Structure formats: C-alpha cells, structure tokens
There are 2 protein chains.
Amino acid sequence: MGKNRDVETLIRLLARLPGLGPRSAPRAALHLLKRRSQLLDPLAESMSRVAQTVRHCDSCGNITTANLCEICTDPKRMNGQVCVVEDVSDLWAIERTAVFSGSYHVLGGVLSIIDGAGPDELRIPGLLARVESGGIQEVILALGSTVEGQTTAHYIADQLEECGVHVTTLARGVPVGGELDFLDDGTISTAIHLRRVV
Amino acid sequence: MGKNRDVETLIRLLARLPGLGPRSAPRAALHLLKRRSQLLDPLAESMSRVAQTVRHCDSCGNITTANLCEICTDPKRMNGQVCVVEDVSDLWAIERTAVFSGSYHVLGGVLSIIDGAGPDELRIPGLLARVESGGIQEVILALGSTVEGQTTAHYIADQLEECGVHVTTLARGVPVGGELDFLDDGTISTAIHLRRVV
C-alpha cells in the first residue's frame, strides 16, 4: 500500500540492474521522480534511443550504431593485430589503458558446458573467417584467467594453428600494486614459474 | 574510444542514479543492452509512463497518478490521524510496518536555512489547511531525529498550537536489536532520560 502501480513496475525493473537491489531501487525511483526534466526524461529517451539504434558490429561484435564500429572503420587501427575479448566491457577496459592500437574481436562469452555455450554461440566462426580473409598477423587472446576463459583460449589457438598467424596471450604474474601476502597461491606459483631475468 | 556516443550518454545518465557510479554504470548499460526485450525496452517504457502519469497527491503530497492518492481516497484510512513525514520514502517505510492506519502528509523536505527551504517551499500551509478544515484529531510528527527534522517538528507544533489537535512525535530511545556499545552518546542519554517503569 502507498506505492502506485506504475512506480512499483519502475522499482521492480530498476532492481534488476546490477548495482541496484530491492533496497536501493525505491530510492533510485524517487530520485528519478524528483528530477524529471534533468534525469528521468533524458534517461527514458536515451534508453529508447539505444534500444533502437545500438547493434553489434558485423566484423568484431563491438556495440555500435552502424554496420561496422568506430574501431573497425578506423584505418589506423587495422595494423594486423586483433585482440580477442570475452565481452564489450573487456574491450572498454583495454581501451582505457590506451596501449593497444589494433582491432578487437568480441566473442560475446566463453565456452561453457554448464551454460551450453559452444563455439557457434560465440563469435568464433567470425574470428576464423576474419583471420582467413588475410591481413591479420597476430591474434592476442585477452581472455579471463578462469577455467572457461583458458579453455576458450586453447580452443581458439587450436583452430588458428594452421592459419599461419602469431597467437599470443596476456602476460601472467603479480598485478601492479599487488602484495604477495594478499595474492592467491595460483598467482604466486605462476609468477615464480614464469620468473624473468632482471 | 570504443564507446558509442548514444551508449556514453546512457552511461552518463545511469551514473547519476543513487547506488550506481562511474564504475557500475557501464556495467549496468551493458546489462541493459544484453537484455533488450526483457529489461531495456520495459524500463524505457516504464520511465516514460511514470514521467507522464505520476504526480503529487493534491491533499497529502504522496506520489499518485490521480488527483488524490490511494491512501487519501481510502475511507478506512480517514481515522482522524495524520502522520507528517519528510519524504515519500519515509511514507513507504512506515507503510512497510503496517502499524499505522491513518493518512499522511508529505512535507517534501525539512526546514533548512542552508538549502533555503522555508515553510512555503514545504507543504506546511497545506497541512495547516487540512487541520483547519476539520476531522483531524491527532498529528503525528514522524520527522528525522536531525537538527533540521526537529526544527521542522517544533515549527509545525507551534503552528498547530491553537488548532486544538493533539500533536505527537515518534518515541525516542534504543532501537530494536541495538547494542548499547554501538549506540551514540546522544541516543543513550536520551534513553536514560526518557526511561520507563518496567
């Protein structure tokens, strides 16, 4: 009682966003209702717009409003390097560092028996087609260091074996700012195993 | 680079919601984009709908889609008790307990010199008009235990002094489940001062 049905629908939907929950969604709904012209209207419009315009890049799977994304249409980024990532959020994370100047390939997930995600559910055939069409010298597998991520990386590396491209993966070891005391045993043993000459 | 302009607008707006921030807004945006038909479309529609339909109750200031809210139009809740709260979220908090069966009056804030909120910015004149029009025996001041909340409560109590209504306020003391060790000195001294016979 006390809540309007429209407002309850809004709260229920807001509660499904990551970061919001049943306690913070009502607060977010009231926040929106208090700021109609500054926040509620623009956000509703932005969502409708994004729902209508945003799609996946035909080449790499990044999100875009055109057939090809900004990165795939930038001739400066066609340097023969393709970085394979699980998701668009990983692409954004790498773009934040501004150290990679090649193009991407977003798989849209990793191989997972539990989730029933096989190679055809991901964009692996698209990656193989891109490599086969030529112009790519190096495929960097920037997948998570989880069992599924590494299984996917091995599967892709196997598929690319006869394509004659250089297949690399991200370095493993102690993260920057990481204190040994707080690191898990797997990371420490990997860092010892892959130790380098100073 | 890498983010589309429409998506960036969505992220910027999402980051202004309480509970979300610059780190979690991109995650929420991707979550929405992955669940277009289940979440993005319904949420956009719900927001447009709420922006168009939801307004404040003419009588109590609660949010509603009609001229008067569900509580003000419920004859069972016109029992002569009016509970004065700062905001709609406080009304929802009291409704959750299901112990109050009267009606509400939502001030829309508390008196604050810093924020420049005087009695006319709040719904205090509306409250006085409701009391003067008769039928109300008790006004319960359920305002926060802050300086501004208590100033507002005193101001309203002063204004209602000659109206012949019973003005009450929420009990103060140790919260349920509260351990003395973790309570602030103000609450403990209030609880000692207002101690009751067992």
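Predicted model, so just to flag it, every value in this text is computed and none were measured. (Residues numbered from 1 in each chain as written. Chains lettered and ligands numbered in written order. Predicted model: local features only at pLDDT ≥ 70, side-chain atom pairs only at ≥ 80, totals over all residues. Heavy atoms only, no water.)

## Side note on the relation of the copies chain A and chain B
Rotating chain A by 180 degrees about the axis while translating it 0.0 Å along that axis superimposes it on chain B, leaving an RMSD of 0.0 Å. Read as a symmetry element, the transformation amounts to a two-fold axis. When C-alpha distances to the rotation axis are compared across chain A, the minimum falls at Ala44 of chain A, with a value of 2.4 Å. Take the interface residues of chain A: 100% of them recur as interface residues in chain B, which is what a same-surface contact looks like. (Least-squares fit on C-alpha atoms with pLDDT ≥ 70 in both. Contact = heavy atoms within 4.5 Å.)

## Some words on the pairing of strand β6 (residues 166-169) of chain B
All names here are of chain B. Relative to β6, strand β5 (residues 138-141) is paired through four bridges, and the arrangement is parallel. Directly across from Ile140, in β6, lies its bridge partner Thr168. The parallel pair β5 and β6 is bridged by helix α6 (residues 147-159), and the resulting crossover is right-handed. (Pairing = 2+ DSSP bridges. Helix = DSSP H or I, 4+ residues; strand = E, 2+ residues; numbered from the N terminus. Right-handed = clockwise from strand over helix to strand, strands pointing away.)

## Some words on the packing of helix α1 (residues 5-14) of chain A against helix α3 (residues 36-53) of chain B
Their axes nearest at 9 Å, the elements α1 of chain A and α3 of chain B cross at an angle of 145 degrees. Judged by the sense of rotation from one axis to the other, the crossing of α1 of chain A with α3 of chain B is left-handed. From α1 of chain A, Asp6, Val7, Thr9, Leu10, Leu13 and Leu14 of chain A reach across to α3 of chain B, where they touch Leu39, Pro42, Leu43, Ser46, Met47, Arg49, Val50 and Thr53 of chain B. By residue class, the composition of the contact of α1 of chain A with α3 of chain B is nine nonpolar, three polar and two charged. (Axes fitted to C-alpha atoms, helices over the stretch in contact; angles between N-to-C directions. Left-handed = near helix turned anticlockwise from the far one by under 90°. Nonpolar A, V, L, I, M, F, W, Y, C, P; charged D, E, K, R; others polar.)

## Regarding the environment of Val139 of chain A
Residue and element names in this part refer to chain A. Relative to the assigned elements, Val139 resides in strand β5 (residues 138-141). Val139 sits in the buried class, given a relative accessible area of 0%. Separated by 37 residues in sequence, Val139 and Gly102 place their C-alpha atoms 10.0 Å apart. In this view, Val139 contacts Val82, Val84, Val131, Leu160, Val165, His166, Val167 and Thr168; residues no more than four positions away in its chain are not counted. (Buried < 20%, exposed > 50% of the residue type's maximum accessible area, 1.4 Å probe, protein only.)

## A look at the sheet that holds strand β3 (residues 81-85) of chain A
Residues and elements named next belong to chain A. Spatial ordering of the open sheet is given by β4-β3-β5-β6, a layout of four strands whose pairing is parallel. Only two strands of the sheet have a single partner each, and these edge strands are β4 (103-106) and β6 (166-169). Sheet twist, expressed as the average angle between the axes of neighbouring strands with direction ignored, equals 25 degrees. Where β3 lies against β4, four bridges are found, and the strand directions are parallel. Its bridge partner being in β4, Val82 is matched across the sheet by Ser103.

Geometric descriptors of this kind do not, in isolation, establish any biological role.
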